[in-house]
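Spelled out from the first residue to the last, the chains are:
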Amino acid sequence: MSFPSDSPADPVASGEPLLSVRGLKVHFPVHRGVLLRRVAGHVRAVDGVDLDVARGMTYGLVGESGCGKSTLGKAVLRLVEPTSGTVLFNGADIGGQSPEDMRRLRRHMQMVFQDPLASLNPRQSVESALTEPLRAHGFTGDRSRRVRELLDLVGMPSGAAGRYPHEFSGGQRQRIGIARAIALNPELIIADEPVSALDVSIQAQIVNLLEDLQKELGLTYVVVAHDLAVVRHVSDVIGVMYLGALVEESSSDALYAQPLHPYTIALMSAIPIPDPEVEERRRRILLTGDLPSPMNIPPGCRFHTRCPFRQPTRCADEPPGLREARPGRKVACHWAEEIAAGSIRAAASAHDPTATEVGTPSP
Amino acid sequence: MSLAQMEAVAPEEAGGSLGRDAWRRLRRNPVAIAGAVLVVLFVAVALLAPWLAPYPPDKPVGQVTPTSIPGPSAEHWFGLDDLGRDEFTRVLWGARWSLVIGVVSLLLGMTGGLLLGLLAGAFGGWVDGVVMRLVDMMLSVPGLLFAIGVAAMLGSGLDAVMIAIAVVNMPIFARLLRGQMLAQRGSDYVLAATAVGVRRRRIVLGHILPNSLTSVIVQGTLTLATAIVDAAGLAFLGLSSNDPSIPEWGRMLADTQRYLSSAPLLAVFPGLAIIVAALGFTLLGESLREALDPKYRR
Ligand SMILES: Nc1ncnc2c1ncn2[C@@H]1O[C@H](COP(=O)(O)OP(=O)(O)OP(=O)(O)O)[C@@H](O)[C@H]1O
Ligand code: SF4
Ligand SMILES: [Mg+2]
């Protein structure tokens, strides 16, 4: 591709992860008072996340609504300013970049947004939306040819170029959003719930498109979703997020074979399994209580207020770090081994009137 | 791929920009058409008054005494006023004054307000705090009362009226633009533009401002209506020019109230004119708002 400053943030030895996040926190101050505005607290949207994404891989990030997935994605691109922690992209610390350097660096890291309509300027034609990144980075080639090429890549006819976002269906809008994200030939794409706003019938098409593009363009993905079903097939590694932190991280297959963290176990039990025998044998794990506010994250294990496996010791007062419970599997639970071995069982919470299935929005 | 292509090729309707789309919806809305007709009528009369008016606006054209003011007739459609001038002519010319005062005060107020709003919206921080406190204070006083105060302070006269109305409208535009800019600034498409590397200046000028301006246009149309009413109100209270030869609707109302029993129509005609003008801009403004609001889009 013809860009003047074609220096991807110096390619490090390919063993290094493309993206490396350490201790990332994003806290939003909450103000009270009209005349005397003061900080009344913080929304701890992202509260200490470590993760690595290897080149060419797909990292699936899963968690309930409001657990900080979008904020994490935006902080990686520094579209929101992290409160603390580091993000290394290709070995370069994005925290230390000047705004102009950051602007240049973002050529290699792009985002697909949760709400395709909101992510497109209503007054901007598709052509203009797709040439804007090219102009901004001084693309020297034939811009309108590149636009047609991009539209073709995402399965849109070149006639779409002259049209405006509101003229398209949700799926088509997301294709346009994806075309914009790949316009600059990035290495990393953060796809923030790329299909959650779409019709179920369209979702698979978009997921397939993302997979095809990954193969064709050698992309690395972080795919965000609020349920495991969406990321299951596309992800190599899955990270499960709860109230701003990762509670489990593992290869996709291992996670499905046996979830280790109680929260993941609950999430998994909410997915219907096609095999009736398995469906019969397994237990629905229901969670008690409401999702705590990210302004008021419980001390100790952040999941302890809802955990069906909660123990009288440690859970409420000792924060479990994300640790390698088994080779290649990280869990933030004091009792992961005992739970996996079956020596700690879930409290029978199914009759609890406050029990809710995971993902049920609290009123 | 082919499925998406088929979807995209089937056009929802001969497409166009948001502007063209809004225009299409505007044309189909009877309220918008009614508003537009009234506005066109008002503006045409204002522009063409010298040619449309059958008599000079400032000279007596018939005999009147305080007890006998001739009403409507074939020669004088709206009758004569208390000084023997043709009322129809004066109502037509009144549109001209109304338009001038409305537009000038609107432009003044809008410019001032937009600058304030831009300042607050672009800088944020303490600039925003100071500007918005000022705006809140100004908005807490009822508009006409505020205008009366400002006009009285400036000493009456047309300039005073226009400045007073402008000052009253300033905070409305300041708050509007600032709110719009803040809302746009946090929107996903601005984030998306930032992500693809669009520079800050172009984001503000090319994305945030144009998307903020639609509501400014709507507000401008609506404000023109209130400006016309406010101008009439100030004139009615004697705060406008004291040159009796200027045919101004509010003043015409005030001057004829003494003859309310003998010539009640003298109050009706300018009153109706004010209503028609204000109604036209209000209807047009409201339907513009609807047509331009993305939420109403199919
Ligand atoms: N700019 C902001 N200021 C204050 N609070 C914010 C801001 N952005 C997000 N939050 C809060 O941070 C928390 C995490 O938000 P985020 O959008 O990252 O969640 P999410 O996991 O993406 O949820 P969803 O599935 O609904 O998209 C929420 O409680 C949200 O209200
Ligand atoms: S540490 Fe305790 S509360 Fe937390 S997930 Fe494990 S068992 Fe549940
Ligand atoms: Mg989100």
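Since the structure is predicted, the reported quantities are computational estimates derived from the model, not experimental observations. (Residues numbered from 1 in each chain as written. Chains lettered and ligands numbered in written order. Predicted model: local features only at pLDDT ≥ 70, side-chain atom pairs only at ≥ 80, totals over all residues. Heavy atoms only, no water.)

Peer 1: How should I be thinking about the overall build of chain B in this particular structure?
Peer 2: Along chain B, the regular secondary structure elements total eleven helices and zero strands. When the helices and strands of chain B are read in sequence order from the N terminus, they spell out α-α-α-α-α-α-α-α-α-α-α. For chain B, the C-alpha atoms occupy an extent of roughly 85 × 50 × 30 Å along the three principal directions. Split into buried and exposed, the 298 residues of chain B put 51% on the buried side. For chain B, the share of sequence-separated contacts (at least 6 apart) that also reach a separation of at least 24 residues comes to 72%. By element, 69% of the accessible surface of chain B is carried by carbon and sulfur atoms, the whole surface being about 14,200 Å². On chain B, the mean spot of the 23 positive side-chain charges and the mean spot of the 21 negative ones are 11 Å from each other. (Helix = DSSP H or I, 4+ residues; strand = E, 2+ residues; numbered from the N terminus. Buried < 20%, exposed > 50% of the residue type's maximum accessible area, 1.4 Å probe, protein only. Contact = heavy atoms within 4.5 Å. Areas by Shrake-Rupley, 256 points an atom, 1.4 Å probe, with all protein chains shown as cover. Lys, Arg positive; Asp, Glu negative; His and termini not counted. Charge placed at Lys NZ, Arg CZ, Asp CG, Glu CD.)

Peer 1: Please explain the site of ligand 1 as it appears in this structure.
Peer 2: All names here are of chain A. In the vicinity of ligand 1, 14 residues are found, and the nearest of them are Ser65, Gly66, Ser70, Thr71 and Glu193. Within the side chain of glutamine 114, an N or O atom sits 2.8 Å from an oxygen atom of ligand 1. Protein coverage of the free-state accessible area of ligand 1, which is 630 Å², stands at 63%. Sorting the residues of the shell around ligand 1 by element identifies β2 (38-53) and α1 (69-76) as the ones contributing at least two each. (Near = heavy atom within 4 Å. Polar contact = N/O pair within 3.5 Å; in protein donor to acceptor, adjacent residues only side chain to side chain.)

Peer 1: Can you help me understand the sheet that holds strand β1 (residues 19-32) of chain A in this one?
Peer 2: Sheets are built from strands that pair by backbone hydrogen bonding, the pairs being arranged parallel or antiparallel. Residues and elements named next belong to chain A. Taken in spatial order, the four strands make up an open sheet running β2-β1-β4-β5, and their pairing is antiparallel. Looking at which strands have only one partner, the edges of the open sheet turn out to be β2 and β5 (92-93). Relative to β1, α1 is tilted by about 115°, and along the sheet it contacts β1, β2 and β4 (84-89). (Pairing = 2+ DSSP bridges. Axes fitted to C-alpha atoms, helices over the stretch in contact; angles between N-to-C directions.)

Peer 1: Can you help me understand the coordination of the magnesium ion (ligand 3) in this one?
Peer 2: Ideal geometry at a metal centre gives angles of 109.5 degrees when four donors are arranged tetrahedrally and 90 or 180 degrees when six donors are arranged octahedrally. Residues and elements named next belong to chain A. At this site the magnesium ion (ligand 3) is bound by Ser70 (OG) and Gln114 (OE1), with donor distances of 1.8 to 2.4 Å. Here the residue serine 70 occupies a position in helix α1, and glutamine 114 occupies one in the loop between β6 (109-112) and α3 (126-136), the gap between them amounting to 44 residues. What makes glutamine 114 partly exposed here is its relative accessible area of 30%. (Donors = N, O, S within 2.8 Å, 3.2 Å for Na, K, Ca; no water.)

Peer 1: What exactly am I supposed to notice about unusual backbone geometry here?
Peer 2: Of all residues except glycine, most have a negative phi; of all peptide bonds, most are trans. Residue and element names in this part refer to chain A. In this structure, asparagine 185 takes a positive phi of about 55° despite not being glycine. With respect to the helices and strands, asparagine 185 occurs in the loop between α5 (170-182) and β7 (188-192). One non-glycine residue with positive phi stands out, namely arginine 314, at about 70°. Classification of arginine 314 by relative accessible area gives partly exposed; the value is 32%.

Peer 1: For this particular structure, what's the right way to read the confidence of the model for chain A?
Peer 2: As a general rule, the predicted coordinates of low-pLDDT regions are not to be interpreted in detail. Summary statistics for chain A give a mean pLDDT of 88 and a share of 88% for residues scoring 70 or more. Low pLDDT (under 50) marks residues 359-363 of chain A, which in the prediction has two contacts with non-local residues, meaning those over four places away or in another chain. (pLDDT = per-residue confidence, 0-100.)

Peer 1: Looking at this structure, how should I read the site of ligand 2?
Peer 2: Near ligand 2 the following residues occur: His261, Pro262, Cys301, Phe303, His304, Cys307, Phe309, Cys315, Cys333, His334 and Trp335 of chain A. Residue composition of the shell around ligand 2, grouped by class: eight nonpolar, three polar and no charged. (Nonpolar A, V, L, I, M, F, W, Y, C, P; charged D, E, K, R; others polar.)

Peer 1: I'm lost on the pairing of strand β11 (residues 323-326) of chain A in this one. Help?
Peer 2: Sheet faces and side chains relate simply in a regular strand, where the side chains alternate between the two faces. Residue and element names in this part refer to chain A. In this structure, β11 lies alongside strand β12 (residues 329-331), joined through three bridges in antiparallel fashion. Bridge assignment links arginine 323 to a residue of β12, and that residue is valine 331. Hairpin connection, β11 to β12: the antiparallel pair is bridged by two residues, and glycine 328 has positive phi, about 75°.

Peer 1: It is not clear to me how the nonpolar core should be interpreted in this structure. Could you clarify?
Peer 2: A general tendency of soluble globular proteins is for nonpolar side chains to be buried together. Residue and element names in this part refer to chain A. By size, the foremost hydrophobic cluster in this structure holds 65 residues, and its most contacted members are Leu151, Val154, Ile178, Leu213, Leu228, Ile238 and Tyr263. Sort the elements by how many residues they give to this core and helix α6 (residues 200-217) lands first, with six residues. Among all residues touching leucine 151, those that are not within four sequence positions of it are Val126, Leu130, Met156, Pro157, Ser158, Ala160 and Ala161. (Core = buried A, V, L, I, M, F, W, Y, C linked by side-chain atoms within 4.5 Å.)

Peer 1: Teacher, can you tell me more about empty space enclosed by the protein here?
Peer 2: Once rolled over the atoms, a probe with the size of a water molecule shows which space is left empty. All names here are of chain A. Enumeration according to the criterion identifies ten cavities of 30 Å³ or more in this entry. Its volume calculated, the second largest cavity comes out at about 70 Å³. Looking at the second largest cavity, it is lined by 13 residues, and the ones nearest its centre are Cys301, Cys307, Cys315, Cys333 and Trp335. Looking at the lining of the second largest cavity residue by residue, the classes come out as nine nonpolar, three polar and one charged. (1 Å grid on protein atoms, 1.4 Å probe; cavity = no way out; pocket = protein on both sides within 12 Å on 5 of 7 lines; lining within 4 Å. Points joined across faces, edges and corners; volume = space filled by probe spheres on them.)

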